[in-house]
Each structure stands twice: as structure tokens, then as C-alpha cells.
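Architecture and fold: a report
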Amino acid sequence: MEPIVSVTGGKIRGATSGGVQRFLGVPYAAAPVGPARFRLPERAPEWSGVRDALAPGATCAQSPYPPPIHALLGSDGIPGDEYLNVNVWTPDSGGSGLPVMVWIHGGAFTRGSNARVIYDGTAFARDGVVLVSINYRLGISGFAAVADAPLNRGLHDQLFALRWVQENVEAFGGDPGNITIFGESAGGMSVATLVASPRSAELFQRAIMQSGNGSAVATVEDARRVADELARKLGIAATAADFGKLGPDELRAAQDAIGLELMLDPNPARWGSSIIANGIGVLSLFPVIDDDVVPGVPLNVLATHPDRAVPLITGCTTEEFRFFTVPTGIAAGVTAENLPALLARYGIPPEVADVYTANRPGRTPADVFADLITDRAFRLDTLDLAEINAAAGAPAYAYEFACPSGIDGLGACHVMEVPFVFDALACAHRLTGPNPPQLLADEIHSAWVAFAETGDPGWPRFHPDTAIVRTFDTPESRNVSNPRGDELAALRAALRPA
């Protein structure tokens, strides 16, 4: 018999397969279209009868990834207005007290959705977890700093979704007092921001930041520059009313154009220093310091508010940035001659590259560039966040995903760990290659489940004196103390001098 549960809004009908119940495309907020696109989220209208929740719901308007990235990930694009929706997988909606995990997708705050196949929550539900994946407003809709609209609408959506989970997860057998949020890339950045936010108290008890950082926020002044550029490109005033008159296609085209201009011309004088430095030359529309949801740079906020720390897993892949340099052809253009200038765009002096180069005999300048920017964008904040958490007295566990893709040149790149975490290797071969190691998926997926259940993923806590990092790899994972510490010390000294 098809499972039916009651949630905020009405009754929904799910489906059962392999002992797992799933409820897909369930609205947690009203459709943010027209003028509502730039308002705070509101409750979804109630419906009569039983609503089918059998297929993924709509996704926020977005363009497909460029062809090289599309070939690895595919793209998200399900039309419809009710894109503030959740997917839920549970072993038993009639049960109780199950740990809950809430997934926040990535996509540079302009792409992505909860509908991607590598985010299927079946394996988590199979192993006794209620898995909820959420959508939120992206791009202009979610993060453009329009003067007469609330800031950080995408983050308000995430908080609204977490409140929906609090109110409704018992209907799926979950425990609202045992919730772990986790996310990757922009989702990982969202996790760090939510942990630091004063608005998130008691909405979750644990957190996992995958391939994120704790610095990806812009000042209001700089974010307004981007909004003004968008308005000029569209020929409108930078107001919620004028932006709200536009359809998704016009908004999508404008944010794509601005994103490309920023990458080609990362000039702080045009865009603002916080956009360039904290957006790593990749992000154009992302969270903004608003003295409300985002009171400051998350790393700084957590350092001064240790009471906000929660048990945490934080980590990244070994070669994150190869995802952005190899498929796109950027790597082919990196030479010993232009490497210093390229690194200067990220604030990295040449002497830091010398340390990395000396540790990589025979590797190319493109390899050094990718490794340096990986550490600049992801690894440095990952370990700083673990150290801040440990100093606050909250358990922190650090990891590095080192297993390379079977696709030539990608290495252990960005997104690689995600299908392993979800134990969804069968649908990820265009990213992982044809024969990804199932035993590694068993290991990392089980660690995430254990953390959601008990707060302990099964390896030693991070402490600044030992800096233990769990390195997930084949043929065997291992605990490593302060991996490549000389490189990180040189980078930290250059970017964060005392």
C-alpha cells in the first residue's frame, strides 16, 4: 500500500521500493514568483485531498552547466513555480526516533537542485536515517542584493525548510531533536553560514561541511555593485519591483552574463574586494553580511561565539580545483611563466608556489596551480573551522577524500566524494569512471550515518596539536597527522599574516 502522511499543507502520498519510502517534490513554502520572488518565504497554501509526492518537484530557474561540466554532472532544470520543495526518504513513516539528515545541494549559489540522481537518499533510509533534501532560491532570486528587498533570501529559504523539518519530520519517523545538516560546495558554505547564524539555534544538532569554506560572504556594499551591474545589463532599476517583473529566462541570462564577466575580469575596483577575494573568482551571487542571518564572516563569528559550535565533520577532496581547470581546458594554458600572475589574482605570492613546486618534482605548473587554489579555496578554511570548533570544546572531525576519478586528469576533484557519501556509485560513472571502489563508498557512507546517529564518525577528533585528518582512499583509508603541513603553513602565513 502506498504510504500517506500528513504534513504542513495537507496529506501526501509517497511510494515504497526496496523497503524504503520516498516522498518527492513536497512544497515547504509558497511559490516565490513575481513580486514574491524578492520576499521572505511564506507557508505553502493548503491543499485538499491527498497530494501525490511521487516525482521530483520543480527547480529554481538556471542555465545548464557549460558542456565540459555538464558532461560530468548533467544539469538541473525541472520547470515549475513550486520549486521551494523537499524530498524525503525514510525506512518507515510509522516509526519514531530515527536520526535525520538534511542535505543542502551545491552549485555556486546559481545552479543545482535536490533532484540530482547522486543525491538519492535511498541508501541513508536503508541504513536507518530519514534523509531530507531541500531546494532554495538561487542566483538573482536568492542572493542579489536588491536595495528594497530582504538580503539572503536563499538562506532564509534554508532556515524556513529547516523549520518545516522540525514541524514535520516526526510524520516520517524522524527525531526533530537529532538533525544533522550537511552540504557540499555552495551547500557546504551554507552549512558553515548556518552554524554561525544566530537564526539557526535549535534547528539542528550536528553539521557536515563538504568542500565548502567559512569565508564565502560579501559585504552589502560590494553585493550591491553586482546587483547594479545586473540592473544595467537588463535596462531596469535595481529594485525588487523591476526585477520581479522579469521572467526566469531573462534573469538567468543576466546572471550568466555577469558571472562570466566577473571571471574574465576579476577587478576589485569594479566588483568590490569581498566579491573577488571571498568569491574565489567563481562566485558572483552569494551570501551577504546583513547583521541578521549573516552577522559576519562565519569563521570570525564562530571564533567569537563558541556557544554556536556544534559537533562537526569538515573536509574536502585532495584535488578540488582540477574539476574547474582540467575539463574546461584552463589547465592547458597554465605555464611556469604565467603561474605567478595567475596566483596573484588569488592573493598568493610566488614564494608559496615555490614550496608546492619543491614538493612535486615532475608535476606541471597546472598541477601546482590546481593544488594551491584547492588549498586557498577549500582546505585552509576546512582546517581552520575544525580548529575553531575544537577550541570551542565541540567535537570536530576532519577528512580528506583522496580517491581519484577513473576519468583521466580529474584526480580527486570537486564533487568526487558525493556519490560515495550517498552510496550512489551506480549513477555517477561519468564522474567517477566505470569502476569506482564500492568498499570506499561503504566506509564513508557508514561514517556519515554513524555521525548522524551518535556524533562520532569513527576516527579521532581533530586537535590542533595532532591535526588528525581521516584520508579516505584506496586500497586503504588512514589517519594522517597534519598532512602537507609545510604547504599549508606557507599559504596561511601569506594570506593571514599575524
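Residues numbered from 1 in each chain as written. Predicted model: local features only at pLDDT ≥ 70, side-chain atom pairs only at ≥ 80, totals over all residues. Heavy atoms only, no water.

**Remarks on the overall build of the protein**
Counting its secondary structure elements, the protein contains 19 helices and 14 strands. Its C-alpha atoms give the protein a radius of gyration of 21 Å, within 12% of the compact-globule value 23 Å for 498 residues. In terms of overall dimensions, the protein has C-alpha extents of about 65 × 55 × 45 Å along its principal axes. In the protein, which comprises 498 residues, the proportion classed as buried is 59%. Of the contacts formed within the protein by residues at least 6 apart in sequence, a portion of 76% connects residues at least 24 apart. Carbon and sulfur atoms make up 54% of the accessible area of the protein, which totals about 17900 Å². Considering the protein, the positive charge centre built from 36 side chains and the negative charge centre built from 55 side chains are found 4 Å apart. (Helix = DSSP H or I, 4+ residues; strand = E, 2+ residues; numbered from the N terminus. Rg over C-alpha atoms; globule rule 2.2 N^0.38 Å. Buried < 20%, exposed > 50% of the residue type's maximum accessible area, 1.4 Å probe, protein only. Contact = heavy atoms within 4.5 Å. Areas by Shrake-Rupley, 256 points an atom, 1.4 Å probe, with all protein chains shown as cover. Lys, Arg positive; Asp, Glu negative; His and termini not counted. Charge placed at Lys NZ, Arg CZ, Asp CG, Glu CD.)

**Notes on helix α18 (residues 438-454)**
Residues lying three or four places apart along an α-helix face the same way, a consequence of the helix completing one turn every 3.6 residues. Compared with an ideal rise of 1.5 Å per residue, which puts 17 residues at 24 Å, α18 spans 24 Å between its outermost C-alpha atoms and is within 8% of the ideal. Once α18 finishes, Gly455 follows within two positions and takes phi at roughly 85 degrees, a positive value. (Expected span 1.5 Å × (residues − 1).)

**What to know about the UniProt feature "domain: Carboxylesterase type B" (unreviewed entry) in the protein**
The residues that UniProt annotates with the feature "domain: Carboxylesterase type B" (unreviewed entry) are residues 2-458. With 37% helix and 15% strand, residues 2-458 has its two end C-alpha atoms placed 37 Å apart. (UniProt positions renumbered as here; feature names shortened; annotations may be inferred.)

**Digging into the pairing of strand β13 (residues 468-472)**
On a regular strand, one side chain projects to one face of the sheet and the next to the other, so that they alternate. Of all the five residues making up β13, five are buried; the element is thus mostly covered by neighbouring parts of the structure. Residues Ile468, Arg470 and Phe472 line one face of β13 and the alternating positions Val469 and Thr471 line the opposite face, and both faces are buried. As judged from the four bridges shared by strand β12 (residues 396-401) and β13, these two strands associate in the parallel manner. In the strand pairing of β13, Ala398 is matched with Val469. Strand direction decides the pairing type here: β13 and strand β14 (residues 478-481), joined by four bridges, are antiparallel. Paired with Ile468 across the two strands is Ser481, which belongs to β14. Where β13 folds back on β14, the antiparallel hairpin that results is connected by five residues. (Pairing = 2+ DSSP bridges.)

**Quick notes on the environment of Gly329**
Of note, Gly329 is situated in the loop between α12 (322-325) and α13 (339-344). Counting along the chain gives 261 residues from Gly329 to Pro68, while the straight-line C-alpha distance between them is 8.9 Å.

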